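Coordinate analysis (summary)
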Amino acid sequence: MATQVTILGAGPGGYVAAVRAAQLGADVTVVEKEQVGGTCLNWGCIPSKIMKVTAELLEKFHQADAFGIRTKGPATLDMEKLMSRKQKVVSAQIKGIEGLLAHHRIRLVRGNARVEGHGKASAISENGQVKSWEWDRLIIATGSRPFSVPAFPFDGRQILSSNHILGIESVPESIVIVGGGVIGCEFACILSAMGAKVTVVEALDRMLPLPSVDAGCSKVLEREMKKRKIKFYVNRVVASIEPAAGGLAVIIGPSPFASHLKEKDRVPVATTVEKALVCIGRSPNTKNIGLSTIGLETDAKGWIPVNDRMQTGVPGVYAIGDVLGPERVMLAHVASTEAMLAAENAMGGDRAMDYTAVPGAIFTMPEVACVGLTEAQAREKGCNARTDTVLFRSIGKAQVIGELAGQASIVSDAGSGRLLGVHIIGPHATDLLGEGTLAVASGLGVTDITDTIHAHPTLAEIMLEAALKATGKALHG
Ligand code: FAD
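Just so it is clear, the model here is predicted, and its values are computed rather than measured.

1. Quick notes on the overall build of the protein
On a plain count of helices and strands, the protein comes out with 13 helices and 23 strands. Rg of the C-alpha trace for the protein: 24 Å, near the compact-globule value of 23 Å for 477 residues, within the 12% margin. The C-alpha extent of the protein, read off along each of the three principal axes, is 65 × 60 × 50 Å. Evaluated residue by residue, the protein yields a buried proportion of 51% over its 477 residues.

2. What to know about the pairing of strand β1 (residues 4-8)
In terms of burial, β1 is a largely internal element, 4 of the 5 residues being buried. Strand direction decides the pairing type here: β1 and strand β2 (residues 27-32), joined by 5 bridges, are parallel. Residue Ile7 lies in a different strand from β2, and its bridge partner there is Val30. Read from β1 through helix α1 (residues 14-23) to β2, the crossover connection turns out right-handed. In the sheet, β1 pairs with strand β7 (residues 137-140) via 4 bridges, with the strands oriented parallel. Considered in β7, the bridge of Leu8 is made with Ile140.

3. Section: the site of the ligand
The local shell around the ligand holds 38 residues, among which Glu32, Thr39, Lys49, Ala113 and Asp322 are the closest. A distance of 2.8 Å separates a nitrogen atom of the ligand from a polar backbone atom of Ala113. The fraction of the free accessible surface of the ligand (990 Å²) that becomes covered by protein chains is 94%. Secondary structure elements with two or more residues in the shell around the ligand: β2, α2 (38-43), α3 (45-62), β4 (112-115), α6 (182-193) and α8 (332-346). Tallying contributions element by element places α2 first for the shell around the ligand, with 4 residues. Here the residues of the shell around the ligand sort into 16 nonpolar, 16 polar and 6 charged.

4. Points about the pattern of salt bridges
Per the counting criterion, the structure on display carries 21 salt bridges. Between Lys197 and Glu173 there is a salt bridge, and its shortest N-O distance comes to 3.4 Å. Placement of the pair is Lys197 in strand β11 (residues 197-201) and Glu173 in the loop between α5 (162-165) and β10 (174-178), with a sequence separation of 24 residues. Looking at Glu173, the relative accessible area reads 46%, which means it is partly exposed. In this structure, Asp265 and Lys264 form a salt bridge, with 3.5 Å as the shortest nitrogen-oxygen distance. For Lys264, a relative accessible area of 59% translates into the label exposed. The network of salt bridges with common partners includes Arg20, Glu344 and Arg351.

5. With respect to the packing of α3 against helix α4 (residues 79-103)
Contact geometry of α3 with α4 gives a least axis separation of 10 Å together with a crossing angle of 140 degrees. Judged by the inter-axis angle, α3 sits oblique to α4. In this structure, the crossing between α3 and α4 has a hand that is right-handed. Within the contact between the two elements, α3 uses Ile46, Pro47, Ile50, Met51 and Thr54 and α4 uses Leu82, Met83, Arg85, Lys86, Val89, Val90 and Gln93. For the contact of α3 with α4, the residue count by class is 8 nonpolar, 2 polar and 2 charged.

6. Digging into the nonpolar core
By size, the foremost hydrophobic cluster in this structure holds 54 residues, and its most contacted members are Ile7, Ile140 and Met310. Met310 has contacts with Val317, Tyr318, Ala319, Ile320, Leu324, Arg328, Glu338, Leu341, Ala342, Met353 and Tyr355, leaving out every residue within four places of it along the chain. Listed in part, the 39 residues of the second largest apolar core include Met83, Cys185, Ala188 and Leu221.

7. Remarks on the sheet that holds strand β5 (residues 120-124)
In space, the 3 strands of this open sheet follow the order β4-β5-β6, with antiparallel pairing throughout. Each end of this open sheet is capped by a strand with a single partner; those strands are β4 and β6 (130-134). With strand direction ignored, the average angle separating the axes of adjacent strands in the sheet is 20 degrees. By the bridge criterion, 5 bridges tie β5 to β6 in an arrangement that is antiparallel. Within β6, the position partnered with Ala123 by the bridge is Lys131.

8. A few points about the side chain of Glu202
With respect to the helices and strands, the residue Glu202 is situated in the loop between β11 and α7 (215-227). For Glu202, which is buried and forms no salt bridge, the nearest opposite charge comes from Arg206, at a distance of 8.7 Å. Once residues lying within four places of it in the same chain are set aside, the contact partners of Glu202 are Gly179, Gly180, Gly181, Met207, Pro209, Tyr233, Val234, Asn235 and Arg236.

9. Regarding the side chain of Glu32
Tracing the backbone through its elements, the reader meets Glu32 in strand β2. Buried charge without a partner: Glu32 forms no salt bridge, and the closest opposite charge is Lys33, 6.1 Å away. Within polar-contact distance, the side chain of Glu32 engages the backbone nitrogen of Ala10 at 2.8 Å. Dropping the residues within four chain positions of it, Glu32 is found in contact with Gly9, Ala10, Gly11, Leu108, Val109, Arg110 and Gly111.

10. Quick look at the pairing of β7
As paired strands, β7 and strand β18 (residues 317-319) are joined by 3 bridges and run parallel to one another. Opposite Leu138, over in β18, you have Val317 as the bridge partner.

Here is what the cut-offs are and how they apply
Along each chain, residues carry numbers from 1 onward, in the same order as the chain's sequence is written. Per-residue local features are limited, in this predicted model, to residues with pLDDT of at least 70; the limit for side-chain atom pairs, both in listing and counting, is 80 or more; totals at the level of whole chains, interfaces and linings are taken over all residues. Side-chain numbers here rest on the full set of heavy atoms in the structure, without hydrogens or water. Only runs of H or I of at least four residues qualify as helices and only runs of E of at least two qualify as strands under DSSP, and these elements are numbered from the N terminus. Here the radius of gyration uses the C-alpha set of atoms, whereas the globule reference equals 2.2 Å times the residue count to the power 0.38. With a 1.4 Å probe rolled over the protein chains alone, any residue whose accessible area is under 20% of its type maximum counts as buried; one over 50% counts as exposed, and the rest are partly exposed. For two strands to be treated as a pair, DSSP must find at least two bridges joining them. Crossovers are marked right-handed if the path from the first strand over the helix to the second runs clockwise, as seen with the strands pointing away from the viewer. Only heavy atoms are used to decide nearness, and a residue is near a molecule or strand if one of them lies within 4 Å of it. The definition of a polar contact used here is a pair of N or O atoms within 3.5 Å, where within protein one atom must be able to donate a hydrogen and the other to accept one, and adjacent residues in sequence count solely through side-chain atom pairs. Here, Shrake-Rupley sampling with a 1.4 Å probe gives the accessible areas, and only protein chains in the shown set may cover a residue. Think of it as three bins: nonpolar holds Ala, Val, Leu, Ile, Met, Phe, Trp, Tyr, Cys and Pro, charged holds Asp, Glu, Lys and Arg, and polar takes everything else, Gly as well. Within this document, salt bridges are pairs made up of a side-chain nitrogen of Lys or Arg and a carboxyl oxygen of Asp or Glu, the two lying within 4 Å of each other. Only the stretch in contact is used when a helix axis is fitted, and all axes are lines through C-alpha atoms; the angle between N-to-C directions ranges over 0 to 180 degrees. Should an angle fall under 35 degrees it is taken as roughly parallel, and over 145 as roughly antiparallel, whereas 65 to 115 is taken as roughly perpendicular and any remaining angle as oblique. A clockwise turn of the near helix away from the far one marks a right-handed crossing, whereas an anticlockwise turn of less than a right angle marks a left-handed crossing. Note on definitions: a residue-residue contact is assigned when non-hydrogen atoms from the two residues lie within 4.5 Å. The criterion is simple. A nonpolar core is a set of buried Ala, Val, Leu, Ile, Met, Phe, Trp, Tyr and Cys residues joined through side-chain atoms within 4.5 Å. For the purpose of counting charges, residues Lys and Arg are taken to be positive, whereas Asp and Glu are taken to be negative. His and the chain ends are not included.

As structure tokens, this is what we get:
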């Protein structure tokens, strides 16, 4: 009899695990309480990028004159049309995933899933119908949801989560964004381009204060945010948000996480805004899913610990994706990679997950993309690292498209020339990262890049220029 694999959650972790397990001959059941595609398709990657594309186009339309295009009056945003386009794209992708599951003869159970002891699971549908079945292997892929701050919880009208902002009916006149991480900075750029007055408040000392993001990228992003009139505070936290005439009264105070604060940064700042968007993390979807019935313990915050085979402490039970928490990397493509591996291991394989070359794509304006180590991280590991940086303004294609802001840096081992990391901020940075990811993952050197002919005129030439610089042969950069 085929191995019975049950997967809880049909996000980019769950549905990919389902397909891979089915390809390997398993009898697969996947349970989803909302729409297939998970956060990524319904509340994350895809809808936010649809909004970003419109924001970017709007910005371009405002520059039409510079490109030799005459328009009758300024371009304006039609939020209703944007939302209906968003829904169309998301719905098409949902249908695509449902078709994929059907094609692989995967049972899709709609409902709230629970583990009911070892080898048993159940799901309760919206209309209260309960289904139960058995499993030999279980893969938990229930993901995460926006973290709500107890001092100013989401109300969906004025205090919004990333889910809420993806369904807005109009652009707020002004908004404070709590958190200058990936989601906060992406929405800051989108909303500002759409005409909102945006203020971002970040507790750490820079925008995008992620260890994987090079400080140079944060610096360029901060400069570009200033150009766009996005106000931001670092080393600050939002101390309170209260209802007030005309919106919300927000107090911005000093950050308890700041190592050294200037005197002026200790003084609280008061501002009034129409809305607040809170993006300071995610909470795991691990409560009330019956994990204790199989003796599976989460950590104190509810995230599930696994080994590099994606195995939990319970034999035959695996976990993947966001549900593993920020100790791993909470990204869709990481969830899908872990999914392939977990499914293969559940079906008798023995593969280990390697996080050394995880690409990070950040859809700010301009975009940020990074893979591998920063120079500081490489030095901490004892490498004699060097960084070679080339500005986009030295690349012909950047001049052609009129997007000059940004740079690409290659971090390499000064002795061997091996690529250790790539950090790009600029036009189409996220699409340009593929070459760097392949190079870091495959242990290639800067000469492998310089020996590769790069088409002209393309933005990809910036990688060639940075690699040429690392070998002492810079042409334009
Ligand atoms: P999820 O996608 O959260 O899927 C989990 C699924 O499980 C959900 O569908 C949920 O309904 C279901 N579920 C939960 N509990 C149960 C239950 N008891 N029974 C049945 N079903 C259940 N990542 C990127 O790589 N690139 C991006 O550009 C990007 N942009 C983002 C933008 C935003 C605004 C947000 C919020 C996230 C973004 N992410 C991005 C992160 C990405 O969405 C997640 O890392 C990814 O969705 C995680 O996949 P997952 O399968 O682990 O979990």
